Amino acid sequence: MNQKQEKKCRELAKKVRIHCLQMVHKGKSGHIGSMLSMADILPVIFTQLINIDPKHPKKEDRDRFILSKGHGGAALLATMSELGFFPMDWLDTYYQDNGKLSGHISHHIPGVEFSTGSLGHGLPVACGMALAAKQAGKKHKIYCMVSDGDLNEGSSWEAIMLAGQHKWDNLVMLVDYNRLQALGSSPDIIDLEPLAPKLEMFGWASKEADGHDQNAIFDAVKSLQPGKPNAIIFRTVKGKGVSFMENNYKWHYGGLTDELLAKALKEVEAAQ
Amino acid sequence: MRKAFNQELLKIAEKNPRVFMVLADIGYGEIEGFANAFPDRFINCGVAEQNMTGVACGVAMEGNIAITYSIANFPTLRCLEQVRNDVCYHNANVKIVIIGGGVAYGELGISHHSTEDIAIMRALPNMVVLVPCDMAEARAATHAMMVYNGPVYFRCGYKNEPDIHEGPIEFKIGGSLQVREGKTATVFFAGTVGINAKRAVDALAAEGVRCRLVSLHSIKPIDREAIVRASKETGGIVVVEEHNLSGGVGSAVAEVLMDEGCGHVPFRRVALPDVNVSKVGSQLWLRDQYGLGVNDIIEAVKRLKK
């Protein structure tokens, strides 16, 4: 990725963070920590890596992107809206009566491949799409973004085993690995470590990358290993970009007062 | 009946290259024909029904028809949230086929009895619910299901079920099929327990009590017109099903009667009581034990309040 592209991704990530803070504040909703955690990854994926056209979101040869951690959907919606998948003013209707956008991601939105909200659903569906693509001889890839909590679900591991068994190398799992979940620290609840070797033992190619470094994100997803499904484990910080939210599990659910919103926006806007 | 289903499915898959079978390690002795003929459209997900249903949904989202297939509650209740959120919400072209509807796997015990499935499946938006009663219906329902674009729940029987229909049938999703004509009452039934309903109606006819006998093979959508007509043209309604009393076929018929202002019609349900079917025995024996015997149906008709 050249400097210009990197800058574009960083600027988009900043916009995504601002949108998410405003959406969560206006909607009096939660999950802001989970949104900010992946706010650097989504812009790199959507502008540099996957083949998807905002003007033709159903194009047959598009890459498929499934957000399995559907509770962080506002970050995806903000990214997609900035890229022109749907009008920006829809973001104002997030979590509102008669709103266009629900708290969890919905396929009723142009460009959203699949609705999620209950964890452990994305990866099995991504496996089905990988199988169908292989059978039809299609070349597109299927990306599925999961969280720590997602990887608590048995159904995710059912899918991990199946993908490894069938060596679906058109399947890419992106792990937003912030090590926090709803009620505390993931290592204290269900410790996924050692995650990368674990996935390798299940037949996946697996690597770690800094989920807040645009170049690292790009390089990790760009260089996939053939012959196996690939997992990129992004080390991320829950609440990244807002100091009082970072690494605090209370911001899985926490709501934003007017004062906290102002404080958070100030920090995000000041960041480079 | 499972053999009839698999034979028809194979025929359909030979002509339609978009048909996939997505299994969870069940189907020994029945699914090999499909697996051998179309290895690239067949996948065994291992004993993992949640994943099976998610995979089927993903396959279907790509323009295919995906069949999930397993025993009793494995492809429905075990993975109910995948059925609801993935299959039904996305209106994915997934066909959920169970083998052994009701207590067909009698001696295997409660884990293998599918006795609440109709209530649960019919409560899901976008889901079509089909309950064929014999081989002819099973074959016809398979074709109807595969032509229909959207989620279908297919409650298949097990093996060697007797024929109920005596000639060619015209199966339609949302329809019903009359087996006998009569005016005293109408006996609606769904599924293979219909053989007991038929025997009961024939025994009543021998006493001069002539009842209409109708297979309600399609629980959702349901043949409202046939139900309303039965309430107007015959002296009462009995509904026979191999399913818990709550929320099944009898409930579905009662809902139509109340909605359509026909609530006055004498009405009785012949269904499994709201208990765990924990006695050990064959399907035929269990039917008699739990109030689904021929005599239970005869009694229900006779006790319709006038």
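What you see is a predicted model; the values in this text were computed from it and never measured.

**Some details on the domain arrangement of chain B**
Residue and element names in this part refer to chain B.
For step 1, the next point in the chain: The domain architecture assigned to chain B consists of domain 1 (2–155) and domain 2 (177–302).
For step 2, the next point in the chain: The partner domain 2 presents 29 residues to the 23 residues of domain 1 that form the contact.
For step 3, the next point in the chain: Among the residues forming the side of domain 1 that touches domain 2, the class breakdown is 13 nonpolar, 5 polar and 5 charged.

**Notes on the interface of chain A and chain B**
Interface size is commonly expressed as the accessible surface area that is lost when the partners come together.
For step 1, the next point in the chain: In this assembly, 19 residues from chain A lie in contact with 23 residues from chain B.
For step 2, the next point in the chain: Elements that contribute at least two residues to the side of chain A that touches chain B include exactly helix H5 (122–135) and helix H6 (154–166) of chain A.
For step 3, the next point in the chain: Ranked by residues supplied to the side of chain A that touches chain B, first place goes to H5 of chain A with 10 residues.
For step 4, the next point in the chain: Class assignment of the residues belonging to the side of chain A that touches chain B gives a composition of 11 nonpolar, 7 polar and 1 charged.

**Some points on the pairing of strand E6 (residues 152–155) of chain B**
Regular strands have side chains that alternate between both faces of the sheet.
All names here are of chain B.
For step 1, the next point in the chain: Alternating positions in E6 separate into two faces, Val152 and Phe154 on one and Tyr153 and Arg155 on the other, with burial throughout.
For step 2, the next point in the chain: Bridge count between strand E4 (residues 94–99) and E6: 4 bridges; the pairing is parallel. Bridging across to E6, isoleucine 98 finds its partner in arginine 155.
For step 3, the next point in the chain: Pairing of strand E5 (residues 128–130) with E6, which is carried by 3 bridges, proceeds in the parallel orientation. Counted as the bridge partner of valine 128 is valine 152 from E6.

**Quick word on the packing of helix H1 (residues 3–27) of chain A against helix H3 (residues 41–49) of chain A**
Residues and elements named next belong to chain A.
For step 1, the next point in the chain: Here H1 crosses H3 at 135 degrees, and the two axes come no closer than 8 Å. The angle between H1 and H3 places the two elements in the oblique class. When you trace H1 past H3, the crossing you get is right-handed. Together, Gln5, Lys8, Cys9, Leu12, Ala13 and Val16 of H1 and Leu42, Pro43, Val44, Thr47 and Gln48 of H3 make up the contact between the two elements.
For step 2, the next point in the chain: Broken down by class, the residue content of the contact of H1 with H3 amounts to 7 nonpolar, 3 polar and 1 charged.

Reading the values: rules and limits
- Within every chain, residues take consecutive numbers counted from 1 along the sequence as written.
- Here chains are named by letter from A upward and ligands by number from 1 upward, in the order in which they appear as written.
- With the structure being a predicted model, the display of local features is reserved for residues of pLDDT at least 70 and the display and counting of side-chain atom pairs for 80 or more, all residues being used for whole-chain, interface and lining totals.
- For the domains described, the bounds stem from an automatic or database domain assignment.
- Two residues form a contact once the distance between their C-beta atoms, set from the backbone, is within 7 Å.
- Following the grouping adopted for this structure description, the nonpolar residues are Ala, Val, Leu, Ile, Met, Phe, Trp, Tyr, Cys and Pro, the charged ones are Asp, Glu, Lys and Arg, and the polar ones are all others, Gly among them.
- Put simply, DSSP marks the helices as runs of H or I at least four residues long and the strands as runs of E at least two long, and each gets a number from the N terminus on.
- To sort residues by exposure, count the other C-beta atoms lying within 10 Å of each residue's C-beta; 20 or more gives buried, 12 or fewer gives exposed, and values between give partly exposed, all with C-beta atoms placed from the backbone.
- Pairing between two strands requires that DSSP report at least two bridges joining them.
- Axes, fitted as lines to C-alpha atoms, cover a helix only where it is in contact. Angles between the N-to-C directions of the axes lie from 0 to 180 degrees.
- Note on angle classes: values under 35 degrees are labelled roughly parallel, values over 145 roughly antiparallel, values of 65 to 115 roughly perpendicular, and the remainder oblique.
- Whether a crossing is left-handed or right-handed is set by the direction in which the near helix is turned from the far one by less than a right angle, anticlockwise for left-handed and clockwise for right-handed.

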